[in-house]
Amino acid sequence: MKTPLLDLEPIHKVIREDLRQAVLRVLDSNQFIGGPEIDNFEREIASYCGVKHAVGVSSGTDALLISLMALDVGPGAEVIVPAYTFFSTAGSVSRVGAKPIFCDIDPITFNIDVNKLENLISPKTRAIIPVHLFGQCARMNEIMAIAEKRGLYVIEDAAQAIGAKYKGNMAGVMGTTGCLSFFPSKNLGGIGDGGLVMTNDDTIYDLLVSLRQHGATRRYFHTIIGGNFRLDAIQAAALRIKLTRLDEWSKMRRQNAVYYKQSLKDLESNGFIKLPVESQDNFHVYNQFVIRAGKRDALQSYLSNNGVGSAIYYPLPLHLQECFKGAGLKRGDLPESEMAADETLAIPIFPGLTEEQMNLVVTLCRRFYEK
Ligand SMILES: *Cc1c(COP(=O)(O)O)cnc(C)c1O
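Computed from a predicted structure; not experimentally measured.

## Details of the overall build of the chain
Now for step 1: Across its full length, the chain carries 13 helices and 15 strands.
Now for step 2: Relative to a compact globule of 371 residues, whose C-alpha radius of gyration would be 21 Å, the chain shows 21 Å and is just as compact.
Now for step 3: For the chain, the C-alpha atoms occupy an extent of roughly 70 × 55 × 35 Å along the three principal directions.
Now for step 4: A total of 371 residues make up the chain; the buried ones form 56% of that total.
Now for step 5: A separation threshold of at least 6 residues defines the contact pool for the chain, and within that pool the share at least 24 residues apart is 70%.
Now for step 6: A total accessible area of about 16,000 Å² is found for the chain, and carbon and sulfur atoms account for 51% of it.
Now for step 7: Here the chain contributes 40 positively and 41 negatively charged side chains, and the mean placements of these two sets differ by 2 Å.

Here is the structure:
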């Protein structure tokens, strides 16, 4: 691939020595679980996002899972999730024994459609999980207003959106809890798996800390049942280095987005593609740059044959997944989610992408549609 969908090398080469030092510091300390790297990272990320508490955990998926556990969402409960998102948004709901209720999306932002949300609330509903998909926040003011009126928790899935803002508020600090992922392809990516839960609530914080350590309040004394959901010290040490660069990298992603939007404008006016829209309440951090493309699959093959990587996020909406067929939904029930799955394509947007690489992407798209 001349231009892969994601290349971490351009950002890692700048901080390689710092990362090596950080990893070696942990190795030499012999403190691999808990300890100062975790405490400092949690403090630094809480300060970056403007939240009272941050709890490092083993992955973004576990951040969702442990949030649901802390809020005592379990069998008999329903949780509303968008149908068009990464699997774990809904998978975590099933894993605590609750039932995911799938909501359709807004076709412009790809986020949960707040106008369709209230109809899905039943006496069993306990929580809503809005996802800030591709790096742009869902309409949190409306979601929080509905949740407050109906007495529901809100768990923000901000796995793709660290540093994004909605009406000036950081992603992940507006809900009851907010979940981050440090999977390497996320905007703040670790050197392995990792995740984090944020909250302003002291009681929930205490529960999260206990749940990630098997529900122990003191070692070997268990008041509740948790699990091993800890973040590694090595990950925390590497993430601390990368957090200091995050704003710089978000800016580069946003600059790349501007370049694409300018260079692909005419393909949009000619009806071949639709470009992503940054809504006026949002500060978008472009974890992915996702277009709607006519003849999407043919475009993807054409790009790939010419050395450009791309990906389909996501090819099958969650209500049509085999494992959720118990929900009883069929094709046609959530049309916007289905259309998004059929039309979208993510093209390279990573920080460090060169103008030459972006130009290749643009030229190929142009040739594909204008030939
Ligand atoms: C990546 C992602 C997750 C899960 O994070 P992991 O760290 O991979 O477990 C959850 N939700 C969304 C929307 C994601 O993109």
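Further notes follow.
## Quick word on the packing of aromatic side chains
Now for step 1: Counted according to the given criterion, the structure contains 14 aromatic pairs.
Now for step 2: Through pairs of rings, three or more aromatic residues link up here, namely Tyr-84, Phe-86, Phe-110, Phe-134, Tyr-313 and Tyr-314.
Now for step 3: Over the face of the ring belonging to Phe-283 we find Lys-165, whose NZ or CZ atom lies 4.9 Å from the ring centre.
Now for step 4: When the ring centre of Phe-221 is taken as reference, the NZ or CZ atom of Arg-218 above it lies at 4.0 Å.

## A few points about the packing of helix α11 (residues 296–305) against helix α13 (residues 355–370)
Now for step 1: At a minimum axis separation of 10 Å, α11 and α13 run at an interaxial angle of 130 degrees. It follows that α11 is oblique to α13 by the angle criterion. Along this stretch, α11 crosses α13, giving a crossing that reads as right-handed. On α13, the residues that touch Ala-298, Leu-299, Tyr-302 and Leu-303 of α11 are Val-361, Leu-364, Cys-365, Arg-367, Phe-368 and Tyr-369.
Now for step 2: For the contact of α11 with α13, the residue count by class is nine nonpolar, no polar and one charged.

## Considering the site of the ligand
Now for step 1: The ligand sits among 15 residues. The nearest are Thr-61, Asp-157, Gln-160, Ser-181 and Lys-186.
Now for step 2: In the environment of the ligand, an oxygen atom lies 2.5 Å from a nitrogen or oxygen atom belonging to the side chain of Thr-61.
Now for step 3: Within the side chain of Ser-181, an N or O atom sits 2.7 Å from an oxygen atom of the ligand.
Now for step 4: Relative to its unbound accessible surface of 380 Å², the ligand loses 92% to contact with the protein.
Now for step 5: Listed by contribution, the elements that provide at least two residues to the shell around the ligand are α3 (60–70) and α4 (88–95).
Now for step 6: Its residues assigned to classes, the shell around the ligand shows four nonpolar, nine polar and two charged.

## Comments concerning unusual backbone geometry
Now for step 1: Cis rather than trans, the peptide bond between Tyr-313 and Tyr-314 has omega equal to 10 degrees.
Now for step 2: Among the secondary structure elements, Tyr-314 is positioned in the loop between α11 and α12 (335–343).
Now for step 3: A positive phi angle, close to 45 degrees, is found at Lys-167, a residue other than glycine.
Now for step 4: Positionally, Lys-167 belongs in the loop between β6 (165–166) and β7 (169–170).
Now for step 5: Phi is positive for Tyr-220, close to 75 degrees, though the residue is something other than glycine.
Now for step 6: On the basis of relative accessible area, Tyr-220 is assigned to the exposed category, the value being 66%.

## Points about the environment of Glu-156
Now for step 1: Of note, Glu-156 is situated in strand β5 (residues 153–157).
Now for step 2: According to the relative accessible area criterion, Glu-156 is buried, its value standing at 0%.
Now for step 3: The spatial distance from the C-alpha of Glu-156 to the C-alpha of Ile-234 is 26 Å, given a sequence separation of 78 residues.
Now for step 4: Those residues in contact with Glu-156, other than ones at most four positions away along the chain, are Pro-130, His-132, Met-140, Ala-171, Gly-172, Val-173, Met-174, Gly-175, Thr-177, Gly-178 and Cys-179.
Now for step 5: Side-chain polar atoms of Glu-156 contact the backbone nitrogen of Val-173, separated by 3.3 Å.
Now for step 6: Within polar-contact distance, the side chain of Glu-156 engages the backbone nitrogen of Gly-175 at 2.7 Å.

## Some words on the environment of Lys-165
Now for step 1: In this structure, Lys-165 sits in strand β6.
Now for step 2: Here Lys-165 falls in the partly exposed class, since its relative accessible area comes to 30%.
Now for step 3: When the C-alpha atoms of Lys-165 and Leu-320 are compared, they prove to be 31 Å apart, with 155 residues separating the residues in sequence.
Now for step 4: Not counting chain neighbours up to four residues away, the residues in contact with Lys-165 comprise Cys-137, Met-170, Asp-281, Asn-282 and Phe-283.

## A word on the sheet that holds strand β12 (residues 273–274)
Now for step 1: Here three strands make up an open sheet; going across it, the order is β12-β14-β15 and the pairing antiparallel. Both edges of this open sheet fall to β12 and β15 (344–347), since each of them pairs with a single strand only.
Now for step 2: Of the pairings in the sheet, the one linking β12 to strand β14 (residues 289–293) comprises two bridges and is antiparallel in character. Residue pairing in the sheet places Lys-274 in a bridge with Arg-292 of β14.
Now for step 3: Contacting β14 and β15, α11 crosses the sheet at an angle of about 20 degrees to β15.

## Looking at the domain arrangement of the chain
Now for step 1: Looking at the assigned domains, one finds that the chain contains domain 1 (9–103 + 111–243) and domain 2 (247–370).
Now for step 2: The straight-line distance from the C-alpha centre of domain 1 to that of domain 2 is 25 Å.
Now for step 3: At the interface, 33 residues of domain 1 touch 32 residues of domain 2.
Now for step 4: Between domain 1 and domain 2, the buried area comes to about 2,800 Å², and carbon and sulfur atoms account for 60% of it.
Now for step 5: Between Asp-281 and Lys-167 there is a salt bridge, and its shortest N-O distance comes to 3.5 Å.
Now for step 6: At the boundary of domain 1 with domain 2, the tally comes to 18 residue pairs in polar contact (both at pLDDT 80 or more).
Now for step 7: Contributing elements (two or more residues each) for the side of domain 1 that touches domain 2: α1 (9–29), α4, β3 (99–103) and β6.

Calculation notes
- Every chain is numbered independently, its residues counted from 1 as its sequence is written.
- Given that the model is predicted, a residue must reach a pLDDT of at least 70 before its local features are reported, and side-chain atom pairs must reach 80 or more before they are shown or counted; all residues, however, enter totals for whole chains, interfaces and linings.
- The side-chain values count all of the structure's non-hydrogen atoms but skip hydrogen atoms and water molecules.
- Secondary structure elements follow DSSP: runs of H or I of four or more residues count as helices, runs of E of two or more count as strands, with numbering from the N terminus.
- Each radius of gyration is computed over the set of C-alpha atoms, and the globule rule expresses the reference value as 2.2 Å times the number of residues to the power 0.38.
- Residue exposure (1.4 Å probe, protein chains only): buried if accessible area is under 20% of the type maximum, exposed if over 50%, otherwise partly exposed.
- For this analysis, residues touch if any pair of their heavy atoms sits within 4.5 Å.
- For the accessible areas, the method is Shrake-Rupley and the probe is 1.4 Å, while residue cover comes only from the protein chains on display.
- When charges are tallied, Lys and Arg are placed among the positive residues and Asp and Glu among the negative ones, while His and the ends of the chain are skipped.
- A charge is said to be at NZ when it belongs to Lys, at CZ for Arg, at CG for Asp and at CD for Glu.
- Two rings from Phe, Tyr or Trp (for Trp, the six-membered ring) form a pair when their centres sit within 6.5 Å of each other. Planes less than 30 degrees apart are called stacked, planes more than 60 degrees apart edge-to-face, and all others tilted.
- We count a charge as sitting over a ring when the NZ of a lysine or the CZ of an arginine lies within 6 Å of the ring centre and within 35 degrees of the ring normal.
- Orientation is described by axes fitted as lines to C-alpha atoms, over the contacting stretch for helices, and by angles from 0 to 180 degrees between their N-to-C directions.
- Angles are sorted into four bins: roughly parallel if under 35 degrees, roughly antiparallel if over 145, roughly perpendicular if 65 to 115, and oblique for all others.
- Rotating anticlockwise by less than a right angle from the far helix to the near helix defines a left-handed crossing, while the corresponding clockwise rotation defines a right-handed one.
- Amino acids outside the nonpolar list (Ala, Val, Leu, Ile, Met, Phe, Trp, Tyr, Cys, Pro) and the charged list (Asp, Glu, Lys, Arg) are all regarded as polar, and Gly is one of them.
- Here a residue is near a molecule or strand as soon as one of its heavy atoms is found within 4 Å of it.
- Pairing of N or O atoms within 3.5 Å defines a polar contact, subject to two protein rules: one partner must be a possible hydrogen donor and the other a possible acceptor, and residues neighboring in sequence count only if both atoms are side-chain atoms.
- The pairing criterion is simple: DSSP has to find at least two bridges between the two strands.
- Domain ranges listed in this record stem from an automatic or a database domain assignment.
- Accessible surface is computed with a 1.4 Å probe, and the buried area is the amount of it that two parts give up when combined, taken over both parts together.
- We count a salt bridge whenever a side-chain nitrogen from Lys or Arg sits within 4 Å of a carboxyl oxygen from Asp or Glu.

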